[in-house]
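Commentary on secondary and tertiary structure
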Amino acid sequence: MNPHPFVREDRFFAGGEWLAPASGAHLESIDPSTEEVWATVPDGDATDVGTAVTAARSALDGPWSRLAPTRRGRLLTDLAALVERDAARLGELESRDNGKPLRDTVGEVKRAAEWLRYYGGAADKIQGDVIPFRDQAHAYTRLEPVGVVGAITPWNSPISLYSWKLGPALATGNTVVLKPAESTSVSALALARLVEEAGIPAGVVNVVPGRGATAGDALTAHPGVDKVSFTGSYGTAQRIMRNAANGLKHVSFECGGKSPHLVFADADLDRAVAVATHSAFRSTGQSCSCGSRLLVQRTVYDEVLAALVARTSRIRVGPALDPATHIGPHTSAGQLAKTRAYIQLGLDEGGRVVTGGGRPAGLERGFYIEPTIFEGLGNGSRLAQEEVFGPVLTVIPFDTEDEAVAIANDTTYGLVGGLWTSDIGRAHRVSARMQAGLVSVNTFRPTHWMLPYGGYKQSGLGRENGFDALREYVEVKTVVVDYADEEPTDPFAH
Ligand code: NAD
C-alpha cells in the first residue's frame, strides 16, 4: 500500500475563502524521488491574482490596519505554534514536492516557526523616532506598512521562504498575496489552512499557485500591489523590476550566488573540509548560498582535495523520504538536465572530474546525480562563474591572501563568502574585503532569523531576516508639528 496518497488541491486561498481557479486548470507536481505525479494544484491566472489582490487591499484598508501591533504579533506567534505542531506533516509534503530529505525539511519547518515567532515578537517593537530638528516643533517619524505585498518564492526551500517573507510583512502591518513556485505549491496551501486556523483575518494572507509567466507576471504588474518580494533567478528578477517600474513598486530580490569558500593553510583543515563538503552538496546543491567555489591555499591543496573526496564518497544519495538519505534527487528533470549540461561544459572547458558526475548506483528512477568535484578550471571558466544549482563543486588553488580575495570577488554574484583561518587579523581583513552580504569565518553561512541576509551585485537587492528586513516593508512618514507661539512669518508679505 502506498502510505503517501495522491494529493489533489482544487482551490486557492483568497479573502479567507477557498476558490476554484477561473480557468479550471491544474498543475501537476512530480515527486522527484519517483518521477511520479503525486499532487495537483490550481493553475491560478491573472483573474485569480486579481481576486487575491482585491482581497488583500480590502483587508489592508479594513480591520487589519486598526489591529494593535501586539495583537498582530500574537497572531504570528499563534501561526508559529501551528506550524511547529504540524512540522512532521509539512516536512513530508515538502519532501514529496521538492525531493529534499525529510531530515532537512522537518528541521526547516521547525525553523520557519522560529522565524514567525521572531517577527511576532518584533511586531510591537517597530517604532519611529522623535527628531529635535528645531525648537518649538515636534517632528517624528511613523513607520507605516507599504501596503499589499506580492511574495514570489522558488521551489528549493519553500516553507522557509514563506516565513522569511510573511514574518516581516505581517509584523509591519502589510497584507500579502503569495505565489509559490509552480512545482512546490502544496505546502503553501497547507500553510494557508494554518493561517485560517490561527485566526488571521480574511484577506491578510492569500495564496495563489500558478505559473511564473501568468500568475507571477500578473502579480508583479498589478497596480494594486505596492511591493514585490522575490526569491529566484536573476533573469526573473530583471523581468519583475521592469514590471515594478510601472507605478514604482518597492522591490526586494534574492537571486542566488556562486559563493567563494576560502581555506587558508593555517586553518583547522578537518573542520574546514567537513563544512565545505556539506555547504557544497547540502540540498543537492540547490541552495542560493552553497559554497560552490572552494579556494584552497596551494600548500595544503592536495591534502584538502583528498579529504574532500573521502568525505564526499560517504554522502548517501537517496529518496527524500528515506531517513538515511543525506541528499535527495534534483527537484525536477529540468534541473537534472541543467546540472548534467554543466558537468559536460566543465569537461569541455578542460576541467577534471575528481569524483562523481554520474547517476548513483541502484537508483534507476528519480532525478539523481552524484555529488561532483571539479579541479583544473580557472575562475574565468563558465563552471566557476555560473550558478549550477546542483551538487557541483569547483576547487581552485591560490597562493596569497590578495590573490584569494581577488578570485573570491571576481564574480557577478555577492551573496555569501566564507573563510577558514586561525589568524584573527586575516579573519577581519578578508571579511572586510569580501563583496558579499554575509561573510562567515570558521563556519559557513549561518542562517538565522536574527541575521540579516541578502546580496551584493547580481545576488539581490534589500535584506531579509533580522530587524533589517522590517525596513523593506515600511514607508517612513515624517510628521512635523510647529508649536511656535510667535506670529508666523509670511514670505509674501513684502
Ligand atoms: P525562477 O526565477 O524562474 O522562479 C522563481 C519563482 O518566480 C517561481 O515562483 C516562478 O513561478 C516565478 N516566476 C517565474 N517567472 C516569473 C515572471 N515572469 N514574473 C513573476 N514571477 C515569475 O527560477 P527557476 O526557474 O525556478 O530556477 C531557475 C534558476 O534560478 C535556478 O537554476 C537557480 O540558478 C536560480 N534559483 C535561485 C534561487 C534562490 O534561492 N536564489 C531559488 C531557485 C532558483
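The rules we used
Residues numbered from 1 in each chain as written. Predicted model: local features only at pLDDT ≥ 70, side-chain atom pairs only at ≥ 80, totals over all residues. Heavy atoms only, no water. UniProt positions renumbered as here; feature names shortened; annotations may be inferred. Helix = DSSP H or I, 4+ residues; strand = E, 2+ residues; numbered from the N terminus. Contact = heavy atoms within 4.5 Å. Phe/Tyr/Trp six-rings, centres within 6.5 Å; stacked < 30°, edge-to-face > 60°. Buried < 20%, exposed > 50% of the residue type's maximum accessible area, 1.4 Å probe, protein only. Near = heavy atom within 4 Å. Polar contact = N/O pair within 3.5 Å; in protein donor to acceptor, adjacent residues only side chain to side chain. Areas by Shrake-Rupley, 256 points an atom, 1.4 Å probe, with all protein chains shown as cover. Right-handed = clockwise from strand over helix to strand, strands pointing away. Pairing = 2+ DSSP bridges. Axes fitted to C-alpha atoms, helices over the stretch in contact; angles between N-to-C directions. Salt bridge = Lys/Arg side-chain N within 4 Å of Asp/Glu carboxyl O. Disulfide = S-S within 2.5 Å. Core = buried A, V, L, I, M, F, W, Y, C linked by side-chain atoms within 4.5 Å. Parallel < 35°, antiparallel > 145°, perpendicular 65-115°, else oblique. Left-handed = near helix turned anticlockwise from the far one by under 90°. Nonpolar A, V, L, I, M, F, W, Y, C, P; charged D, E, K, R; others polar.

In the nomenclature of an unreviewed UniProt entry, the protein chain corresponds to Aldehyde dehydrogenase (NAD+) from the organism Amycolatopsis endophytica. Entered under Sequence similarities (unreviewed entry) in the UniProt record, the comment concerning the protein chain runs "Belongs to the aldehyde dehydrogenase family."

**Some remarks on unusual backbone geometry**
In this structure, Thr284 is a non-glycine residue whose phi angle is positive, near 55 degrees. Its identity as a non-glycine residue notwithstanding, Phe389 has a phi of 60 degrees, on the positive side. Tracing the backbone shows Phe389 in the loop between helix H13 (382-385) and strand E16 (392-398).

**Observations regarding the UniProt feature "active site" (unreviewed entry) in the protein chain**
When the UniProt feature table is mapped onto this chain, "active site" (unreviewed entry) is found at Glu254. You can see Glu254 is positioned in strand E11 (residues 250-254). Filtering out sequence-adjacent residues up to four positions away, Glu254 remains in contact with Phe230, Thr231, Gly232, Cys288, Leu415, Tyr453, Ser459, Gly460 and Glu464.

**Observations concerning the packing of aromatic side chains**
Summed over the entire model, instances satisfying the criterion amount to nine aromatic pairs. On the basis of an interplanar angle of 85 degrees and a centroid distance of 6.2 Å, the ring pair of Tyr118 and Phe467 is categorised as edge-to-face. Highlighted residues: Tyr118 in helix H5 (residues 102-122) and Phe467 in the loop between strand E19 (460-461) and helix H16 (468-471), separated in sequence by 349 residues. You can call Phe467 partly exposed: its relative accessible area is 42%.

**Thoughts on the site of the ligand**
With respect to spatial proximity, 27 residues lie near the ligand, and among them Thr153, Trp155, Glu182, Ser233 and Lys338 are the closest. A distance of 2.7 Å separates an oxygen atom of the ligand from a polar atom in the side chain of Ser233. Note that a nitrogen atom of the ligand is positioned 3.3 Å from one of the side-chain N or O atoms of Arg239. Here the ligand, which alone exposes 820 Å², has 87% of that area covered by the protein. Those elements that provide at least two residues to the shell around the ligand are helix H8 (212-221), strand E10 (227-231), helix H9 (234-245) and helix H12 (333-348).

**A closer look at helix H14 (residues 401-409)**
Of all the residues in H14, the buried ones are Glu401, Ala404, Val405, Ile407, Ala408 and Asn409. Those residues of H14 hidden inside the fold are in contact with strand E12 (260-263), strand E13 (293-297), E16 and helix H15 (424-433).

**Considerations on the pairing of strand E8 (residues 175-179)**
In terms of burial, E8 is a largely internal element, five of the five residues being buried. Judged by which residues are buried, E8 turns out to be covered on both faces: Thr175, Val177 and Lys179 on one side and Val176 and Leu178 on the other are all buried. Handedness of the crossover joining strand E7 (residues 148-152) and E8 through helix H6 (residues 158-171) is recorded here as right-handed. Sheet topology places E8 next to strand E9 (residues 205-207); three bridges connect them, and they run parallel. Each residue of the ladder has a partner; that of Val176, found in E9, is Val205.

**A short note on the side chain of Thr331**
Residue placement: Thr331 occurs in the loop between helix H11 (301-313) and H12. Judged by relative accessible area, which is 5%, Thr331 ranks as buried. Here the side chain of Thr331 touches Asn98 through a polar contact of 3.2 Å, landing on its backbone oxygen.

**Examining the sheet that holds strand E5 (residues 36-42)**
Taken in spatial order, the three strands of this open sheet run E1-E5-E4, and their pairing is mixed. Of all strands in the sheet, those bounded by a partner on one side alone are strand E1 (7-8) and strand E4 (26-31). When E4 meets E5, the two strands line up antiparallel, connected through six bridges. Pairing of Glu28 across the sheet is with Thr40, part of E5. Running over the sheet, helix H4 (residues 87-98) touches E4 and E5 and is turned about 90 degrees from E4.

**Notes on the pattern of salt bridges**
Following the criterion strictly, the structure yields 25 salt bridges and no others. The salt bridge partner of Asp86 is Arg85, with a shortest N-O separation of 2.9 Å. By relative accessible area, Asp86 is classed as buried at 11%. Of the residues examined, Arg85 reaches a relative accessible area of 47% and is grouped as partly exposed. Measuring nitrogen to oxygen at the nearest pair gives 2.8 Å for the salt bridge that ties Arg85 to Glu197. On the criterion of sequence distance, the pair formed by Arg85 in helix H3 (residues 69-85) and Glu197 in helix H7 (residues 186-198) is long-range, its members being 112 residues apart. On the accessibility criterion, Glu197 (47% relative accessible area) is partly exposed. Each of Arg85, Asp86, Arg89 and Glu197 takes part in salt bridges that share partners, so that together they form one network.

**Comments concerning the state of the cysteines**
Summed over all chains, the structure comprises zero disulfides. A disulfide-free cysteine, Cys255 has its sulfur positioned 9.6 Å from the sulfur of Cys288, the nearest such atom. Judged by relative accessible area, Cys255 falls into the buried class, the value being 2%. Of all cysteine sulfurs in the structure, the one in Cys288 sits closest to Cys290, which takes part in no disulfide; the separation is 8.2 Å.

**Concerning the UniProt feature "domain: Aldehyde dehydrogenase" (unreviewed entry) in the protein chain**
If you check UniProt for "domain: Aldehyde dehydrogenase" (unreviewed entry), the listed places come out as residues 18-479 in our numbering. Annotation note: span residues 18-479, helix share 41%, strand share 19%, distance between end C-alpha atoms 41 Å.

**With respect to the nonpolar core**
Counting residues in hydrophobic clusters, the biggest one holds 61 residues, and the most contacted among them are Leu79, Val83 and Tyr119. The element best represented in this core is H7, accounting for nine residues. Aside from chain neighbours lying at most four places away, what touches Val83 is Leu90, Val109, Ala113, Leu116, Leu191 and Leu194. Among the nonpolar cores identified, the runner-up in size contains 24 residues, and Ala267, Val273, Phe281 and Leu308 belong to it.

**Quick word on the packing of H14 against H15**
It is at 10 Å that the axes of H14 and H15 come closest, and there the two elements cross at 30 degrees. Classified by the angle between their axes, H14 and H15 sit roughly parallel to one another. Judged by the twist between their axes, the crossing of H14 over H15 is right-handed. Only Arg426, Arg429, Val430 and Arg433 of H15 make contact with H14, whose side of the interface consists of Glu401, Asp402, Val405 and Asn409. Of the residues assigned to the contact of H14 with H15, the class counts are two nonpolar, one polar and five charged.

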